[in-house]
Structure formats: C-alpha cells, structure tokens
Amino acid sequence: MYKFLLCWRYLRTRWIALASIISVTLGVATMIVVNAVMAGFTQEMQDRIRGILSDVSFEARSFNGFRDPEYHMREIEKIVGDEIEVMTPTVTVPAMLSFQLHGEWNTRPVQLIGIPRDAMQYASKFRQYLQHPKHREQFRFELQETGYDLRDRHGGEDAPLRVRMETAGMVHRRNMIEYRRQWEQQLAGKPLPHAEQTVNDDSQPANDVVDPFAAVERPLDPFAARNDAAQADPAAPLTGCVLGIGLVSYRHNGAEHFLVLPGDDIQLTFPTAGTPPKAVSDTFTVVDLYESKMTEYDSSFIFVPLDKLQELRGMFDRESGTTFVTSIQIKLKDESRGSIVRDKLQAAFPPHFYSVSTWRDKQGPLLAAVEMETAILNMLLFLIIAVAGFGILAIFFMIVVEKTKDIGILKSLGAHGSGIMGIFLSYGLSLGLVGAGAGMVLGLLFVRHINEIRIWLGNLTGQMVFDPSIYYFYEIPTSVNPWTVAWIVIGALAIAVAASVMPALRAARLHPVEALRYE
Amino acid sequence: MNKHHSANPAGPHGPTVAPLRAQARDGASAHGQAAATTAVTTATTAAGVQRVRPATAPDHEAVAASAGGVLLKAVGLKKDYHKGKHVVPVLRGVDLEVRQGELLAVIGQSGSGKSTLLHLLATLDRPDEGEIWFNGQRIDNASTRQRDRLRNRHLGMIFQFYHLLPELTALENVLAPLMITHGFFSYRLQRRRLVERAKALLETVGLGHRLKHRPREMSGGEMQRAAIARALITEPQILLADEPTGNLDGRTGQGIMELLRSLNTQSNLTIVMVTHDSAIASQADRVVQLVDGQVSDS
C-alpha cells in the first residue's frame, strides 16, 4: 500500500521527473505520426498500383505473344480455377505516341496496352481512374459529348481548374474540325461563310462555348486534316484510346494544361508481330484520360481496344481463326494468395516461354523501398525514446539519492527491498504511462488534423509544405494501425520501466543504517 | 562497576543496573548460545522479573517464559567498520539483556558504539560476531525477510532526527508501518479501523490537532511524538530509541521523556534508549554504560 501512496506523492511533488518524460511523449507522438503517414502513403500507393496491375499476370516472354488465349485460360482454369475471379487476355507492346502541337509533331515513348472493349474485367479499378463520370460507370472506348471532370476530383474545390476541359469530348472534336475547315478555306482564298458551317453540328450549344483563342493557341497543320477529310462524317471518332494523363498534361501557374484533350486524334506507332517486326501506325481518337496518380503509369500507359491492336499487329491466324495475346491478367478472389497461384502456374508452364508474376513482384523494389524507409525511421525514432530512457535513468538516480533517507526510514519500519523497488518501478511505470499516453493523444490528434496543420504551416511560412503538384496528393494520406500504436506505447512504457530498474535496484539494496545516516 | 540509578517514577525499588561478570544462569543458556564468557547478565531483581508484559505479544510462542522476563538479549556482539583499508572496531564484545517492561538506558560518548548497538538490536545491521536473541529466538542470523517482518511487527524505533517521511502527513506517517504490513487490498478493507487507531494513538501522544500536518509544519517535539506514535502503531513488544531527545531543547526533551515513561508504566512497554545525556539516562530504570565498544565496568 505504501508503495502506491509514496509513488503518488513523489509524482505530485517532483515535477522535474515530468521533464524527463517529455522526450518520451515527443518520441511516441512522432512515431505514431510517421507510421500513420508512411502506412497511408503505402496503402495509397498499393491501391494505385493495384488499380492498374492485376493480382497475377501470366505473360509471354516475347512481344509476339502466345497463340490461342482461350486455350491458355482453360489450362490455367484447370490448375488454379478455384482461386480465380476473372481472367482477361491483353496485349502489351512498346509504342511511340505522336500528336500535333502548334503545328509540330510531338513524339514520346509509351507502353501500349490492348484491353477488351468492354474493359469490365480488366483490373477492376481501371475505370475509376477515368475522367468522365459515365466512363467510371461503364467504359467501351466511346467518346462522350462533353462533361469530363473540370478539376482533379481527388482535390475537391481546391484543385486547379483544367484549362479548356469544359469543351473536351465531341464538342471539342467538332470545334477543331470546324476550325480546320475554316483554315483550309482561308488558305484557298475563299471568303468565310458564316451561316452554313453549323448545319452539320446539329445546332449544338458548343459553338457558344468555343474559346476564341483556341485557334491561336493551336495553329493547325493543314495536312493533318487529310485523314479526317477522307471520312464520310469528318467528326465521327476513330478507334478510341485512353491516354495516361501525365503524357499530355503539365502544370503552369497553378493550372493544369493539356496538350491533348479527349476528342483529339493521336497517332500510335508500334511493331508488328511478324519477323522482323515492322513499324505500323494508326490514328486513334482520345476518348478519356487515365489518372491513377502513379506517375510511372500515368506517363507511360495508353490503352486501346484489344481486337484493334491484334488486327494492326497481325496477331491472328486466319486459317485456324485463333488470336495471339502477350499476357493474361488474372484477378483472384483472395489477393493475398497471389504468390501461391504464381508458384503453381510457374510450375505448370514452361518458364522459358511464360513468366508469371504477382503485382507485388512487379512493384517489389518500390514497395521494399518504402518498407525500408519505414523501418529505418522507426528505428531512429525508437532510438530517440531510448535516449529519453537515459534521461529518466539520470533523474531517477537523482531522486533515489534524494530519497536515500526515506528509504532508510522505510526499511527501519520493516519495508522489504522489493517493496522499495516497487515504489520506484511503479514511479517509472506511471511516468511512462503519462508520457506514452500524452504522446499517443498528441500523435493521434496530429494525424487527425495533419492536413489542417499542413495548411497552417504553409500559411505561416509562406511556403507550400506538401505541394500537390509534386506529390500528386491533395491531402497527406494517413492510416492509423491500432496495433502499431499499441506497440509503440508498449515499447515506450517498457523503456521507462527499464530505465527505472537500475535506480530502483539501487534503492532496494541501500543499507538501512547507511541510508538513515545519509544527510 | 555496579552503577545504580534509582529510577524515579518507576518506583522506589525500581530496577537496578547490575551487569555482572557472571555467566548467564537464566534460560538463555538453555538455548545453547555460544560461550561468550564475558556475557553480562543482569542479576534479575525482583522488580524486573515481575514486570511481565501482558501477553499482547502476537505470534511468538511464549514470552520467553524460561528467560525470566528477558525480552531481548545480546551476547558477545562485535562489529567493525571499514574505512578504506582501516578497520575501525566499534563494538568489541557487548553483552546485554533487556527485561520485559523495563526502561533501559544505554549511555556513552560519541563513538562509543551505542547507536551501532541499537541498530544491531533493531536488526538494521548484522553483527560480525555474537548473537542477538529476541523472545527466545535468535534474530541476528535470520533471513532478511524475517528481520523485516520482525521490525515491522514487533519492534518500534524512534530516532534523534525523528525520520518522518516528508511527503506524508502525521497521520499517514503513523499509518506507514501498517501500510507496510498490509497489502493494498487488505489495507483498503481495514482502512477505517486502522485510521481510527492511528488517530487515537496520535491523540495519546498529544498530537490530535496535527493529523493533517506535514513534518515540516511541525515542531521538533511534535515530530518526535509523531515518530513515537508511528513506532507504537503496530503494538510492538519493545521500543528502541536512538537519542530521542538529542535534537530537542531541555523542556521539550523532558516532555518526550515523560511520554516514554508513561508509556512504559501504563502500557508496560519495554524501552531501550540510547543517549549521551546522563540527565536523561538517569530517568531510566537501569543504565548500561558503553565505553569504547564495551560495556563499562566503571
């Protein structure tokens, strides 16, 4: 009983001890915040990676792919049928993207992915990253009239406006064709007729929205129109494609600008499947933009319909009527069983023709790097708490020395060494509880209000603390794992108690007579 | 040597100090103690024997029935202190008997070893040689836990510097030994009764108005009274006092002495008091003088 009474009295009369615990508080709070942010970041990143990568991909090692995906899917079904939710054949091939800007052709390297037209089965999150609300419901490579998102929908009202996105879609396409027509007429020296050009446009309100400067911004290449001119309806979209948003957008003065909008045509050049491969080109109409916020994907992927790509690359066999694909994307019922499925498939198919990998394998280095960072940060922060432990140790020694006489008195009253030790151990435990508890509350509050704090800090220093244009996050993602918090608190408590063990032992071993004599 | 002191309030035929160079003839020898031939046994006067403490003594089997009322006995106690390489002998073979119900004073100069003797008797320290018997049981070689228990339940101690715990109030200080005796729940259960007892005891020592005061808010005399109450709360068989008046002025010291004396007479409390003040010592039933670590024959 006296242990608790004295421990409580010492706590109440010795505020200096609380100073030693502040470092524990700060350490615990920092650890909670860092872990929450890192976990949030990892989770967000994994979500994004999984939005595009299927759980397991079964790939040919050659760009020419393998014959008869249906047969392969049946074989896979036989081996791991129970695990599979859905399989999608795809074709992946490196390509060049070409588009016109200010009358000049821009080209850049891309990864071209052919996916089935309905795109339903392909990694389920794919549609969520499209910019048209309808496409997020259902996507069939069709161009919408208009109505593409005017802002990054993850950014809320704060997100910068997307320049000229309001006309994107068919409206933009018709406008462009109209401008082109007028341009050609001007070149031909004809006077500009004013009334007749809207006849084809079904009196769309689009013309009212037309940006008069658009033409100035993009002077048109007169030769580019030839393709369209050949069409019966010049405004009818060609085969649809989806561009990674990073390929054609940039930020300037806080606004998002686009080099290519939905409705524009682009040209894709890629190798055929023959030997030797020849380059083929075709023109596609951009029907939507893809934004997963994974820069790596957003700035390299272009999605086109699978059948069109197979046709252009010659990936079919006329005699047998079978097609070729380069990979089969497998979505599992339980993602966590990916490595088991991978191992079974690897064992069943000749490894020199096929490679099987999970999404974790593909993003292994990235995920490992984040894990490594988290581990190192945790280690460093835990060292901070350990250093705080030495502070507790020093202050406890001081208190034991100060209380030497009291210890002697207690021993003369018959208190056992273990009881004396109990006083100081429970003292350490109480301080640890206060420190770790305060740290936990502080840390959780910080995590909860991290974005307010970020904005406030930004206003205070006049500098963007977490610039969305760099990180592609509008908010710092956080995820609090209760177990992590529990372990941090337990660890801090253990350190506080461990630091009080030595002084407590010393107190317990004090010789009563010497302690009583101590002045 | 036979130094006689007529113990004043205890009665005209009060006990006399009679350290004799005679082998113990009482029951102590029956316990087969070492043949410390210098053993000093007091020639038990009639008065000393008759003062048998009422059997409030708890679990100890018999109140040293065969010892003729000897409650505490030291035989051939030796104790050295080590200061670096030097060995300083403090006690060089002390024999002492304390009888039931007497107020014994141990007098000596500074450095004569009287405090060390008291610490040994109180089991706060272990002798290098010799034996200590309490209630017919040898206690100097008992385990630490047994000695802690003995101090807690059967011995009371007061000190020159009171040694109250500064963080606790007078009442809590008095309750401290009981808190040590009882565990958390056991104390909680009996708290009301124990607190009543402590209050009553503080009332007895004249501190009924100081229950909630911290030691630093009390005078020296009050602190010593609180310390006495603390020593008595467990109803010990013997009170060991180390210079109880050493830090008090004459009048206050006299007040403490009167309190001790009245406890001695009214509750039949055995008291061993160490002092360097012969005026204080003269109020005891019996006086033993320590000179250079030995009982003096002066």
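From a predicted model like this one, the values you see are computed outputs, not experimental measurements. (Residues numbered from 1 in each chain as written. Chains lettered and ligands numbered in written order. Predicted model: local features only at pLDDT ≥ 70, side-chain atom pairs only at ≥ 80, totals over all residues.)

## A closer look at the overall build of chain B
Part 1: Within chain B one finds eight helices and twelve strands.
Part 2: Looking at chain B as a whole, 52% of its 298 residues are labelled buried.
Part 3: Taking as baseline every contact in chain B between residues at least 6 positions apart, the subset at least 24 positions apart corresponds to 73%. (Helix = DSSP H or I, 4+ residues; strand = E, 2+ residues; numbered from the N terminus. Buried ≥ 20, exposed ≤ 12 C-beta atoms within 10 Å, placed from the backbone. Contact = placed C-beta atoms within 7 Å.)

## Re the interface of chain A and chain B
Part 1: Chain A puts 19 residues into the contact, and the matching count from chain B is 22 residues.
Part 2: When the residues that make up the side of chain A that touches chain B are grouped by side-chain class, the tally is twelve nonpolar, five polar and two charged. (Nonpolar A, V, L, I, M, F, W, Y, C, P; charged D, E, K, R; others polar.)

## Details of the packing of helix α4 (residues 170–181) of chain B against helix α6 (residues 220–232) of chain B
In helix packing, the relevant descriptors are the interaxial angle and the interaxial distance, both defined with respect to the helix axes.
Residue and element names in this part refer to chain B.
Part 1: Packing of α4 against α6 leaves a shortest axis separation of 7 Å and a crossing angle of 30°. The pairing of α4 with α6 is recorded here as roughly parallel in orientation. Where α4 crosses over α6, the two elements pack in a sense that is right-handed. Between α4, through A170, N173, V174, A176 and P177, and α6, the contact on the second element is made entirely by A226, A229 and R230.
Part 2: Across the contact of α4 with α6, the residue classes break down as six nonpolar, one polar and one charged. (Axes fitted to C-alpha atoms, helices over the stretch in contact; angles between N-to-C directions. Parallel < 35°, antiparallel > 145°, perpendicular 65-115°, else oblique. Left-handed = near helix turned anticlockwise from the far one by under 90°.)

## Things to note about the pairing of strand β6 (residues 129–134) of chain B
Residues and elements named next belong to chain B.
Part 1: Counted residue by residue, β6 has five buried out of six residues, so it is predominantly covered.
Part 2: Pairing between strand β3 (residues 70–83) and β6: five bridges, direction antiparallel. In the sheet register, K78 faces β6, and the bridge partner there is E129.
Part 3: Direction of pairing for β6 relative to strand β7 (residues 137–138): antiparallel, over a ladder of two bridges. Across the sheet, the residue bridging to W133 is R138, located in β7.
Part 4: The turn joining β6 and β7, which pair antiparallel and follow one another in sequence, is formed by two residues; a positive phi near 55° is taken by N135. (Pairing = 2+ DSSP bridges.)

## A few points about the sheet that holds strand β10 (residues 270–275) of chain B
Residue and element names in this part refer to chain B.
Part 1: Pairing within the open sheet is mixed, and its six strands lie in the order β8-β9-β10-β5-β11-β12. Two strands in the sheet have a free side with no partner beyond their single neighbour: β8 (155–158) and β12 (294–295).
Part 2: Direction of pairing for strand β5 (residues 103–108) relative to β10: parallel, over a ladder of five bridges. Looking at the pairing, A105 lines up with M273 of β10.

## Regarding helix α5 (residues 184–204) of chain B
All names here are of chain B.
Part 1: Most pronounced at R191, the bend in α5 amounts to some 70°.
Part 2: Taken as a whole, α5 has its buried residues at A198, L201 and L202.
Part 3: Lining the buried residues of α5 we find α4 and α6.
Part 4: In the stretch just after α5, G206 is the one whose phi turns positive, near 85°. (Bend = angle between axes of the 7 residues up to and from the residue.)

## Topic: the confidence of the model for chain A
All names here are of chain A.
Part 1: In the predicted model, chain A carries a mean pLDDT of 82, and 87% of its residues have values of at least 70.
Part 2: Residue range residues 197–209 is modelled with pLDDT below 50. Its contacts to residues more than four positions away, or to other chains, number 15 contacts.
Part 3: Segment residues 214–219: pLDDT under 50, and five contacts once partners within four positions in sequence are set aside and those in other chains are kept. (pLDDT = per-residue confidence, 0-100.)

## A few points about unusual backbone geometry
Residues and elements named next belong to chain B.
Part 1: The phi dihedral of N135 is positive, around 55°, even though this residue is not glycine.
Part 2: Within the secondary structure, N135 is located in the loop between β6 and β7.
Part 3: Phi at E235 is positive, roughly 50°, even though this residue is not glycine.
Part 4: For E235, the location among the structural elements is in the loop between α6 and β9 (238–242).
Part 5: The class for E235 is partly exposed, based on 15 C-beta atoms found within 10 Å.

## Structural notes on the packing of helix α3 (residues 69–80) of chain A against helix α12 (residues 338–348) of chain A
All names here are of chain A.
Part 1: The interhelical angle for the contact between α3 and α12, taken along N-to-C directions, is 120°, at an axis separation of 10 Å. In terms of orientation, α3 lies oblique with respect to α12. Between α3 and α12 the crossing geometry is right-handed. Contacts between α3 and α12 involve I76, I79 and V80 from the first element and V341, K344, L345 and A348 from the second.
Part 2: Here the contact of α3 with α12 is composed, by residue class, of six nonpolar, no polar and one charged.

## What about the sheet that holds strand β11 (residues 316–317) of chain A?
Strand pairing in a sheet is mediated by backbone hydrogen bonds. Such pairs are either parallel or antiparallel.
All names here are of chain A.
Part 1: Read from one edge to the other, the open sheet built from three strands follows the order β2-β12-β11, with strand pairing classed as antiparallel. Each having just a single partner strand, β2 (66–67) and β11 make up the two edges of the open sheet.
Part 2: The sheet contact formed by β2 and strand β12 (residues 322–325) spans two bridges and is antiparallel. When the sheet's bridge partners are listed, F66 is paired in β12 with V325.

## Describing the environment of T146 of chain A
Residues and elements named next belong to chain A.
Part 1: Mapped onto the elements, T146 comes out in the loop between α4 (133–137) and α5 (170–187).
Part 2: Judged by local crowding, T146 falls into the buried class, with 20 C-beta atoms found within 10 Å.
Part 3: Sequence separation between T146 and G169 is 23 residues; the distance between their C-alpha atoms is 4.6 Å.
Part 4: With residues up to four places along the chain from it excluded, the contact list for T146 reads T167, A168, G169, M170 and V171.

## Observations concerning the pairing of β9 of chain B
Residues and elements named next belong to chain B.
Part 1: By the criterion of burial, β9 is predominantly enclosed, with five of the five residues buried.
Part 2: Residues I238, L240 and D242 point to one face of β9 and L239 and A241 to the other, with burial holding for every one of them.
Part 3: Relative to β9, β8 is paired through four bridges, and the arrangement is parallel. Residue pairing in the sheet places M157 in a bridge with L240 of β9.
Part 4: The pairing of β9 with β10 spans five bridges and is classified as parallel. Residue pairing in the sheet places A241 in a bridge with M273 of β10.
Part 5: As for the winding sense of the linkage, the β-α-β connection from β9 through helix α7 (residues 250–266) to β10 is right-handed. (Right-handed = clockwise from strand over helix to strand, strands pointing away.)

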